[in-house]
Amino acid sequence: LLVDNMLHLPSLALLYFSALAVLRPQARAPGPGPRKALALAPEPDSYLSLAFIERAQDRLPAAINTLRNIKPDGWRQEVPLAISLWLFEAARYNESRIAVDEILKKTPAPALAYYISARLRLKEGRKDLAVQDLKSAAADEKTNPFVARVSAQLAAQLTDPRKTQP
């Protein structure tokens, strides 16, 4: 009943479901509420909200599919990044590589794209290229300081013979 009353404000409904997914992640099945809200507000931000709800509920394949339903003309930068990152987390490395390579073709590419690429290169056994990607990510201190610092630390770890590979 609450959901049906909230559906006249689909953005509010999706925000509610997002908070609920974070607070109660054990509730795996979201029910029809998020999809009803999405049907009433089918813009890219609504799909993005639903994907994060599904991700919070450990429904990674559903979250990836939801992101892929966003039309490319409505994509913001974080949509292809999330797709690539979540494909990596799902151990779908070939698909993640294809997705991140598309992002890296754009200039300037975000630090997170270089970080994802580096992690994929480590999986591929290409440490030298991974270090290059990590250095590119580390150079983006202004835009994404967290990813830049993590990348710099990982690059240092990979190039220091006294340290072990992650």
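Let me sum up the structure you'll find in this document.

Each value, and the rule that gives it
Residues numbered from 1 in each chain as written. Predicted model: local features only at pLDDT ≥ 70, side-chain atom pairs only at ≥ 80, totals over all residues. Heavy atoms only, no water. Phe/Tyr/Trp six-rings, centres within 6.5 Å; stacked < 30°, edge-to-face > 60°. Helix = DSSP H or I, 4+ residues; strand = E, 2+ residues; numbered from the N terminus. Buried < 20%, exposed > 50% of the residue type's maximum accessible area, 1.4 Å probe, protein only. Axes fitted to C-alpha atoms, helices over the stretch in contact; angles between N-to-C directions. Parallel < 35°, antiparallel > 145°, perpendicular 65-115°, else oblique. Left-handed = near helix turned anticlockwise from the far one by under 90°. Contact = heavy atoms within 4.5 Å. Nonpolar A, V, L, I, M, F, W, Y, C, P; charged D, E, K, R; others polar.

### Some thoughts on the packing of aromatic side chains
So, step 1. For the coordinates displayed, the defined rule picks out 2 aromatic pairs.
So, step 2. An angle of 80 degrees between the planes, with centres 5.3 Å apart, marks the rings of F52 and W86 as edge-to-face. Of this pair, F52 sits in helix 4 (residues 44-56) while W86 sits in helix 6 (residues 78-89), and the two are 34 residues apart along the sequence.
So, step 3. According to the relative accessible area criterion, F52 is partly exposed, its value standing at 42%.
So, step 4. Looking at W86, the relative accessible area reads 5%, which means it is buried.

### Notes on the packing of helix 9 (residues 127-138) against helix 10 (residues 145-159)
The axes of two packed helices give the description: the angle between them and the distance between them.
So, step 1. Close contact between helix 9 and helix 10 brings their axes to 8 Å; oriented N to C, the two are set at 150 degrees. In terms of orientation, helix 9 and helix 10 fall into the roughly antiparallel class. The crossing of helix 9 and helix 10 is left-handed. Residues K127, V131, L134, A137 and A138 of helix 9 form the contact with helix 10, whose participating residues are A148, S151, A152, L154, A155, L158 and T159.
So, step 2. In terms of residue class, the contact of helix 9 with helix 10 is built from 9 nonpolar, 2 polar and 1 charged.

These figures capture arrangement, not role.
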